[in-house]
Amino acid sequence: MSNNTTSQGVLFEQMADRPVAVRFDQAHSSSDGGALLLKALDERLGLSSSLSSCLRDDRQASKVQHDLQTLLRQRLFGIACGHADGNDAAGLAEDPVHKMLVDRDPLSGRALASQPTLSRFENTVGPKELTRLAEALAETVIRRHRRRKRRVRQITLDFDPTHDPAHGQQQLSLFNWVYDTRCYLPLAGFVSFDDEAEQYLVAYVLRAGNAPAKQGLLGVLNRLLPRLRVAFPKARIRIRLDAGFVGSELYEYFEANHLEYVVCMAKNPVLQRHAEPLLEPLREAVAGGETPQATFSECLYRAGPWKRSRRVIIKAGIALHPGRRPKDNPRFVVTNLKGDPRQIYEQIYCARGDAENRIKELKDGLQIDRTSCTSFHANQFRTLITAAAYVLMQELRLKARHTTCAKAQVSTLRLRLLKLGAWVERSVRRIVIHLPMHTPHAKAWHRIARSVGAIPT
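Note that the structure is predicted; figures quoted are calculated from it, not measured. (Residues numbered from 1 in each chain as written. Predicted model: local features only at pLDDT ≥ 70, side-chain atom pairs only at ≥ 80, totals over all residues. Heavy atoms only, no water.)

**Remarks on the overall build of the protein**
Stage number 1. A count of helices and strands for the protein gives 15 helices and 18 strands.
Stage number 2. C-alpha extents for the protein along the principal axes are approximately 80 × 60 × 45 Å.
Stage number 3. Sequence-distant contacts, at least 24 apart, represent 65% of the contacts inside the protein between residues at least 6 apart.
Stage number 4. Of the roughly 23,400 Å² of accessible surface on the protein, 51% is carried by carbon and sulfur atoms. (Helix = DSSP H or I, 4+ residues; strand = E, 2+ residues; numbered from the N terminus. Contact = heavy atoms within 4.5 Å. Areas by Shrake-Rupley, 256 points an atom, 1.4 Å probe, with all protein chains shown as cover.)

In structure tokens form, the structure reads like this:
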């Protein structure tokens, strides 16, 4: 323990049959003992190595105490363990497990970087490096799943914008009237394979608060599509989008690049007229006291700027809310898929909604919206590191598929598998991490550890 560390404690006088004293004075210990799993996963993926190779170090070599890979790993593993705030660096500086995560001796190794050092690190990254980092992240994800799935018939891409409220004067945090606040408007992209439910994060682009939903989408696709087609040459690629992604240039791009697409459309008078024959029987059913079921149909539709007509799926429904009048609720989806309209809407389009759960994990589990740097580029760098931490957590969940943690959210995975009190002991021959004997999910932890190369002892 550092000589300038003050041990703090409290005394509970009547908690047991004698006074109970509590002190933060256990040297060579950590509250993140299970995080060694993350290091093993990272080494197998090559994630932090790929990301750090994208960075350029212009510092004077004689004054460098922490190389860029070490700094990136410190932030990456810290965020994954729930330490999103750079100020947590002070309390973790001598943590033996976090030292091991960045390849330092857990007991005698140099202390980890301070908050000011990490802040300077975040603010040195420019736009070219950010582009390389985004490409490296996508490349790592695609390469991983190429090794995992040799034969893929269907690849599905889901993109969804979300809002990232600003609480200061961050660059490009502009007012958005939809969310009624100053914010960023990031674009998150996910990839899924065949019939798998899991959607794997493959892109996260920070954008100005007034950005239209489609801004940056084609640029991301230009990076992803060639890589996906090299990795999975026989797979069909499908893209699903909500109603914010409008514009004939999108459909023309999808068709020119041989993509299947299912895109929600906002209603307009022409589409409303096509839906009217479906809505009228539903209104009559409601008037007769029945609860109507949604009906489906289709039409050919050509908006003014479109060069040709396209197939539009129509879902006609009535929204019923207690205490309110029934309300027409037609939905429209433009697509180039063939097949039954109901099946396309319910089984293909509606499945894209699970991307919102992934975004909730990014926000609630990893605090990807902690974009509190002044610089826009620094905030984009933060989100990319957090996205990389999510890639590790998704890989952890994938390795836990045959355990009690198979469907756990990020915060639950962290609680069950990473947040384990540990005491670190070192001898001449080995380093021993002592974890609590009565860990509820020890069996799952052991199984995951063996899947990433650990051997039973």
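**Things to note about empty space enclosed by the protein**
Stage number 1. Counted according to the given criterion, the structure contains six cavities of 30 Å³ or more.
Stage number 2. Of the volumes computed, that of the largest cavity is approximately 120 Å³.
Stage number 3. Along its surface, the largest cavity is lined by 16 residues, and Gln74, Gly78, Ala89, Leu92 and Leu118 are the ones closest to its centre.
Stage number 4. Of all elements in the fold, only helix 3 (68–80), helix 4 (89–92) and helix 5 (96–101) reach the threshold of two or more residues within the lining of the largest cavity. (1 Å grid on protein atoms, 1.4 Å probe; cavity = no way out; pocket = protein on both sides within 12 Å on 5 of 7 lines; lining within 4 Å. Points joined across faces, edges and corners; volume = space filled by probe spheres on them.)

**Structural notes on the sheet that holds strand 10 (residues 236–241)**
In a beta sheet, neighbouring strands are held together by backbone hydrogen bonds and run either parallel or antiparallel to one another.
Stage number 1. The strand order 9-8-4-10-11-16-13-12 describes an open sheet built from eight strands, whose pairing is mixed. Bordering the open sheet on either side are strand 9 (200–205) and strand 12 (295–301), each of which pairs with just one other strand. On average, each strand axis in the sheet is inclined to that of its neighbour by 20°, with strand direction left out of account.
Stage number 2. In terms of strand pairing, strand 8 (residues 187–193) meets strand 9 through five bridges, oriented antiparallel. In the sheet register, Phe190 faces strand 9, and the bridge partner there is Leu201.
Stage number 3. The strands touched by helix 8 (residues 217–231) are strand 4 (154–161), strand 8, strand 9 and strand 10; relative to strand 4, the strand with the most contacts, the crossing angle is about 160°.
Stage number 4. Across the sheet, helix 10 (residues 269–287) lies against strand 11 (260–265), strand 12, strand 13 (310–316) and strand 16 (331–335), angled at about 160° from strand 12, the strand it touches most. (Pairing = 2+ DSSP bridges. Axes fitted to C-alpha atoms, helices over the stretch in contact; angles between N-to-C directions.)

**Here's the deal with the nonpolar core**
Where a protein is soluble and globular, its nonpolar side chains tend to be buried together.
Stage number 1. The biggest cluster of nonpolar side chains holds 116 residues, and the ones touching the most others in it are Leu157, Phe159, Phe254 and Leu417.
Stage number 2. Ignoring sequence-local partners within four residues, the contact set of Phe254 consists of Leu221, Ile239, Leu241, Leu259, Tyr261 and Val263.
Stage number 3. Ranked by size, the runner-up nonpolar core spans ten residues in total, among them Val262, Phe296, Val333 and Leu337. (Core = buried A, V, L, I, M, F, W, Y, C linked by side-chain atoms within 4.5 Å. Buried < 20%, exposed > 50% of the residue type's maximum accessible area, 1.4 Å probe, protein only.)

**Quick look at the sheet that holds strand 5 (residues 164–165)**
Stage number 1. With respect to topology, three strands assemble into an open sheet ordered 5-7-6, the strand pairing being antiparallel. For this open sheet the edge positions go to strand 5 and strand 6 (174–176), each flanked by a neighbour on one side alone.
Stage number 2. Looking at chain direction, strand 6 and strand 7 (residues 181–184) are connected through three bridges and run antiparallel. Across the sheet, residue Phe175 finds its bridge partner in strand 7, namely Arg182.

**Notes on the side chain of Ser375**
Stage number 1. Along the chain, Ser375 turns up in the loop between helix 12 (355–365) and helix 13 (376–399).
Stage number 2. Polar contacts involving the side chain of Ser375 include one to the main-chain amide nitrogen of His377, which spans 3.2 Å. (Polar contact = N/O pair within 3.5 Å; in protein donor to acceptor, adjacent residues only side chain to side chain.)

**Digging into the environment of Pro96**
Stage number 1. Within the secondary structure, Pro96 is located in helix 5.
Stage number 2. Filtering out sequence-adjacent residues up to four positions away, Pro96 remains in contact with His28, Ser29, Ser30, Pro106, Leu107 and Val424.

**Structural notes on helix 14 (residues 410–418)**
Stage number 1. Taken residue by residue, helix 14 has Val410, Leu413, Arg414, Leu417 and Leu418 as its buried positions. Taken end-on, helix 14 shows its buried residues confined to a sector of 100°, consistent with a single buried face.
Stage number 2. Here the buried face of helix 14 lies against helix 1 (36–45), helix 3, helix 12, helix 13 and helix 15 (442–451). (Arc of directions from axis to C-beta.)

**Focus: the packing of aromatic side chains**
Stage number 1. Inspection of every chain in the model, using the stated rule, returns eleven aromatic pairs.
Stage number 2. Ring centres 5.7 Å apart and planes at 50° place the aromatic pair Phe296 and Tyr345 in the tilted group. Of this pair, Phe296 sits in strand 12 while Tyr345 sits in helix 11 (residues 341–349), and the two are 49 residues apart along the sequence. Assigned by exposure class, Phe296 and Tyr345 land together as buried.
Stage number 3. An aromatic cluster is defined as three or more aromatic residues linked by ring pairs; in this entry it consists of Tyr251, Tyr253, Phe254, Tyr261, Tyr301 and Trp306.
Stage number 4. Sitting above the plane of the Trp306 ring, Arg310 keeps its charged end 5.1 Å from the centroid. (Phe/Tyr/Trp six-rings, centres within 6.5 Å; stacked < 30°, edge-to-face > 60°. Lys NZ or Arg CZ within 6 Å of the ring centre and 35° of its normal.)

**Some remarks on helix 15**
Stage number 1. Three or more residues of helix 15 are buried, namely Ala444, Trp445, Ile448 and Ala449. Buried positions in helix 15, seen along its axis, are confined to an arc of 135° and lie on one side of it.
Stage number 2. For helix 15, the elements touching its buried residues are helix 1, helix 13 and helix 14.
Stage number 3. The positive-phi residue at the C-terminal boundary of helix 15 is Gly453, with phi of around 110°.

**Some words on the side chain of Ser173**
Stage number 1. Take Ser173: it is sitting in the loop between strand 5 and strand 6.
Stage number 2. A distance of 2.6 Å separates the side chain of Ser173 from the backbone oxygen of Gln170, its partner in a polar contact.
Stage number 3. Those residues in contact with Ser173 that lie beyond four places of it in its chain are Ala166, Gly168, Arg182, Cys183 and Tyr184.

**A few points about the pattern of salt bridges**
Stage number 1. Enumeration over the complete set of coordinates arrives at 32 salt bridges.
Stage number 2. Residues Arg227 and Glu139 are paired through a salt bridge, measuring 2.7 Å at the closest nitrogen-oxygen approach. Note that Arg227 is positioned in helix 8 and Glu139 in helix 7 (residues 127–148), a separation of 88 residues in sequence.
Stage number 3. Salt-bridge contacts for Glu196 lead to Arg148; the nearest nitrogen and oxygen are separated by 2.7 Å. (Salt bridge = Lys/Arg side-chain N within 4 Å of Asp/Glu carboxyl O.)

**With respect to the confidence of the model for the protein**
Stage number 1. Averaged over all residues, the pLDDT of the protein is 93; the fraction at 70 or higher stands at 98%.
Stage number 2. Confidence scores differ between elements of the protein, with strand 2 (residues 20–23) showing the lowest mean pLDDT of 87 and strand 9 the highest of 98. (pLDDT = per-residue confidence, 0-100.)

**Section: the environment of Leu185**
Stage number 1. With respect to the element layout, Leu185 can be found in the loop between strand 7 and strand 8.
Stage number 2. On a C-alpha basis, the gap between Leu185 and Val205 in space is 8.7 Å, while along the polypeptide they are 20 residues apart.

**So, a nonpolar patch on the surface**
Stage number 1. A surface patch of nonpolar side chains, amounting to about 350 Å² of accessible area, comprises Val10, Phe12, Met15 and Val22.
Stage number 2. Residue placement: Val10 occurs in strand 1 (residues 9–12). (Patch = residues over 30% accessible without salt bridge, like charges linked within 9 Å, V, L, I, M, F, W, Y side chains within 5 Å.)

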